[in-house]
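Per-entry structural report
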Amino acid sequence: MKKLLAATAAAALTAGAAQAEDIKIGIILGFTGPIESLTPSMADGAELAIKEVSDSGLLLDGSTVTPVRADSTCVDAGAATAAAERLITSDGVKGIMGADCSGVTSAILSNAAVPNGVVMISPSATSPALSTADDNGLFFRTAPSDARQGVVMTEVLMEQGIEEVAVTYTNNDYGKGLADSFQAAFEEAGGTVTINAAHEDGKADYSAEVGALASAGGDRLVVAGYVDQGGSGIVRAALDTGAFDTFHFPDGMIGTQLEANFGDEIEGSTGQHPGTDSEGATVFAEIVGDAFDSTSPFTPESYDAAALMLLAMQAAGSSDPSVYKDKVMEVANAPGEPILPGELGKALEILAEGGDVDYVGATAVELIGPGESAGNYREIVVEDGVISTVKYR
Amino acid sequence: MDLLNALVAFANFVFIPAVAYGSQLALGALGVTLIYGILRFSNFAHGDTMAIGTMVTVLVTWWMQSVGISFGPLPTALLALPFGILGCMALVLVTDRMVYRFYRAQKAKPVILVIVSMGVMFIYNGLTRFIIGPDDQRFSDGERFIISARTFKEMTGLDEGLAFKTTQGITIVTAVIVVALLFWFLNRTRTGKSMRAYSDNEDLALLSGINPERVVMYTWLIVAALATVAGVLYGLDKSFKPFVYFQLLLPIFASAIVGGLGSPIGAIAGGFIIAFSEVTITYAWKKVLGYTLPESLEPDGLVQLLSTDYKFAVSFIILLIVLLFRPTGLFRGKSV
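Treat the numbers as computed from the prediction; the structure is a model and nothing was measured.

Turning next to the overall build of chain A. Helix and strand counts for chain A stand at 14 helices and 16 strands. Taken over C-alpha atoms, the radius of gyration comes to 22 Å for chain A, in line with the 21 Å a tight globule of 393 residues would show. Projected onto its principal axes, the C-alpha coordinates of chain A cover approximately 80 × 45 × 40 Å. Looking at chain A as a whole, 54% of its 393 residues qualify as buried.

Below, the structure is given as structure tokens:
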């Protein structure tokens, strides 16, 4: 028994030591399910960063990195947990780039990542609930929490002197989370939310919903829904009955479909969605070229998630999750040399020499609070029936 | 002035939408009630019959729009409506020939026919999705408003706007015409009378020489016409989405049962009862009360009895109450 204990202790020691090895990184995304059209380019983005680091030969004395894909399904927590369990126990991954949807991400985190002590960096889970999840410091995300979007929305509206709004949200985790975080932020800033009511997607008639919203009143209607779904129905009914003339749209509502549906009928409406005009986005697009779509949602975030994980390993001098987890925030934020996409080799060199880097990446990463992106948003306004940028914040 | 504002707000958000919705439900419920009265089963495929008729109309409308045929300020769909009705009639007659006649010949129990109609419902459902897809389709054109909220405010100087959409106007007018035609047909023509006789007492009707197959055929033709008109009006006023038509089954059946299955007048009354209860119970009365009540009594809350999420629950509750206390419905139809 004593011998066995000694052996395991020795094994644990050597695992932490820096030596050339083949590091496996799990990429767990919903390759099947509701967002299956987005995930291929997200995975390509992450694998691009992994390849860049692996090919440089600079990580941990020439270690190589191999990605292993698994399917989160986006909706089935059981299947996602099983997939993550397989990655950790059978493939022996040192970190997980993922998962994508908020629900499966928290399931994997609490059932597989935390019990096994593996770091997770999600590129796209935006639920505010993940900010307070019990994660032992293992969970990060390069996507901003919707709580942050609520704050940004409040700032946009307050700057225009709008202090009374009605809110309607699509009845799911995204809509409810966003509407609640917005209400909290808006009321804290001294505004009034006259009503915070849900609407169901996929209905033909929203006159009853709009009747209630109109009765509650407000200077503007905040529609936290989907442009291809009930969100547009609500806007249409509100315009038809003359209940509201101007609206405020969070990310789910902003798209070319909005212009096509309403054009100049919603003149003066405002909104915001995650976006950045930083140098990194352009550089990222250049590196990717035609290999895959670099502007597809959450693809740059995926590149950044994988890059951050590997840079943290280099900074810690170890691929052991329990060691490098403390370095993720350090490499992501100032001070240090700013690192753009394609400069991962340079970053690895600086870190190897004991220097400090500030990973900027494709999405101007800045991790705040419990390890989530501060988030950059593009504020828009509808002018002459066209969505135009006001500024980035 | 305040009273006028209250009245306008009430009309804009409660009265006009409920009347339009009620007319659409009434037309749907008339179809269900005719089938129940004459063919003696609850036709679960009715919502999808509406969808099929509307789909044909939508396709013809698109074709007309592409070759430049228009109906001036009125929606082109009204011109395409007869084609939709013909398409729907052809389909239900083929269905009757291939499916229902077999069970009729066997004198199958109504409950078997109900299950058969569910099978037909799934086939129709698939057919619609296969041809036009599951997505939202817009096919309305022409003038959108008779009075828009903005012009009404400018005209009257009131704080509240009143919007009256062209489609709502058309719905109400068409519903009145169709219902008048139907009652004239049932009460005045020979075929209509033979249908009512067949409904009242099948054996007696057969004895007096009424051809049952003819009655069945006429019933299907009328039902197809009613379903298509109801479906097109609903689609014009709201939007056309196959799944929504499937969901409409609940309020339509609730309307027919509340009014009394088998009773055409009951179906119309039921349609309006369901529509008005759905809208009034989920409406937030804060604004209207704010205008009418003196300042000291003005409500702080929304004065909303039920959140709009529970709209469909209203139909269920009314259905339950009626079935518990008056199973034959308000107008003494057949018991279910």
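Here we come to the overall build of chain B. Tallying secondary structure elements over chain B gives 14 helices and two strands in all. Across chain B, contacts joining residues at least 24 apart in sequence account for 76% of those joining residues at least 6 apart.

Per the UniProt record, the feature "transmembrane region" (unreviewed entry) sits at residues 6-39, 51-71, 77-99, 111-132, 168-186, 215-236 and 305-325 of chain B. Note that residues 6-39 of chain B is 100% helix and 0% strand, and that its end C-alpha atoms are spaced 47 Å apart.

Attention now moves to the pairing of strand S4 (residues 119-122) of chain A. All names here are of chain A. Along S4, one buried face is formed by Val119 and Ile121 and the opposite face, lined by Met120 and Ser122, is buried too. Pairing of strand S3 (residues 95-98) with S4 involves three bridges; the strand directions are parallel. Residue pairing in the sheet places Gly95 in a bridge with Val119 of S4. With helix H4 (residues 102-116) bridging S3 and the parallel S4, this β-α-β connection has right-handed handedness.

Turning to the sheet that holds strand S13 (residues 367-368) of chain A, a few remarks are in order. Think of a sheet as strands paired side by side through backbone hydrogen bonds, with each pair either parallel or antiparallel. Residue and element names in this part refer to chain A. Read across the open sheet, the seven strands follow the order S2-S1-S3-S4-S5-S14-S13; overall the sheet is mixed. With partners counted over all chains shown, the strands left at the sheet margins are strand S2 (64-71) and S13, one partner each. Sitting on the sheet, helix H3 (residues 77-91) is in contact with strand S1 (22-29), S2 and S3, with an inclination near 150 degrees to S2.

Let us look at the packing of helix H11 (residues 249-259) of chain B against helix H12 (residues 264-282) of chain B. All names here are of chain B. At a minimum axis distance of 7 Å, the contact between H11 and H12 shows a crossing angle of 125 degrees. What the angle tells us is that H11 and H12 run oblique. In this structure, H11 meets H12 at a crossing whose hand is right-handed. Here H11 contributes Pro251, Ala254, Ser255, Ala256, Val258 and Gly259 to the contact with H12, which in turn contributes Gly266, Ala267, Ala269, Gly270, Gly271, Ile273 and Ile274.

The next point concerns the environment of B:Leu236. Residues and elements named next belong to chain B. As for its position among the elements, Leu236 is in helix H9 (residues 212-237). Residues Leu236 and Ile321, 85 residues apart in the sequence, show an inter-C-alpha distance of 32 Å. Setting aside residues up to four positions removed in sequence, Leu236 forms contacts with Pro75, Ala77, Ser140, Thr167 and Ile170.

It is worth spelling out the confidence of the model for chain A at this point. Low-confidence regions, as indicated by low pLDDT, have predicted coordinates that should not be scrutinised in detail. On average, residues of chain A score 86 in pLDDT, and 95% of them reach the 70 mark or higher. Taken as a whole, residues 12-17 of chain A scores under 50 in pLDDT and shows four contacts with residues more than four places along the chain or in a different chain.

Glancing now at helix H7 (residues 190-200) of chain B. All names here are of chain B. Those residues of H7 that sit buried are Met195, Tyr198 and Ser199. Taken around the axis of H7, the buried residues stretch over an arc of 100 degrees, which confines them to a single face. Looking at H7, the residues exposed on the side facing more than 90 degrees away from the buried face are Arg190 and Asp200. As for H7, its buried residues are in contact with helix H1 (2-39), helix H6 (166-188), helix H8 (202-207) and H9.

With that settled, consider the sheet that holds strand S8 (residues 220-224) of chain A. Residues and elements named next belong to chain A. Strands sit in the order S7-S6-S8-S9-S10-S15-S16 across an open sheet of seven strands; the sheet is mixed. Sheet topology places strand S7 (192-199) and strand S16 (386-392) at the edges, where each strand pairs with a single neighbour. Averaged over all pairs of adjacent strands, the angle between strand axes in this sheet comes to 25 degrees, irrespective of strand direction. Where helix H8 (residues 230-240) meets the sheet, its contacts fall on strand S6 (164-170), S7, S8 and strand S9 (247-249), and the angle it forms with S8 comes to roughly 160 degrees.

Quick look at the domain arrangement of chain A now. Accessible area lost during the coming together of the parts is what is often quoted as the interface size. Residues and elements named next belong to chain A. Assigned domains within chain A: domain 1 (16-145 + 278-373) and domain 2 (147-275 + 377-392). The straight-line distance from the C-alpha centre of domain 1 to that of domain 2 is 32 Å. Of the residues lining the interface, eight residues belong to domain 1; the matching set on domain 2 comes to seven residues. A class-by-class count of the residues in the side of domain 1 that touches domain 2 yields three nonpolar, five polar and no charged.

Our next topic: the environment of B:Gly37. Residue and element names in this part refer to chain B. Following the sequence through the fold, Gly37 ends up in helix H1. Residue Gly37 is classed as buried on the basis of its 21 C-beta neighbours within 10 Å. With 159 residues separating them along the chain, Gly37 and Arg196 place their C-alpha atoms 8.5 Å apart. Contact partners of Gly37, with chain neighbours within four places excluded, come to Ser199 and Gly262.

Conventions adopted
Residues numbered from 1 in each chain as written. Chains lettered and ligands numbered in written order. Predicted model: local features only at pLDDT ≥ 70, side-chain atom pairs only at ≥ 80, totals over all residues. Helix = DSSP H or I, 4+ residues; strand = E, 2+ residues; numbered from the N terminus. Rg over C-alpha atoms; globule rule 2.2 N^0.38 Å. Buried ≥ 20, exposed ≤ 12 C-beta atoms within 10 Å, placed from the backbone. Contact = placed C-beta atoms within 7 Å. UniProt positions renumbered as here; feature names shortened; annotations may be inferred. Pairing = 2+ DSSP bridges. Right-handed = clockwise from strand over helix to strand, strands pointing away. Axes fitted to C-alpha atoms, helices over the stretch in contact; angles between N-to-C directions. Parallel < 35°, antiparallel > 145°, perpendicular 65-115°, else oblique. Left-handed = near helix turned anticlockwise from the far one by under 90°. pLDDT = per-residue confidence, 0-100. Arc of directions from axis to C-beta. Domains from an automatic or database assignment. Nonpolar A, V, L, I, M, F, W, Y, C, P; charged D, E, K, R; others polar.

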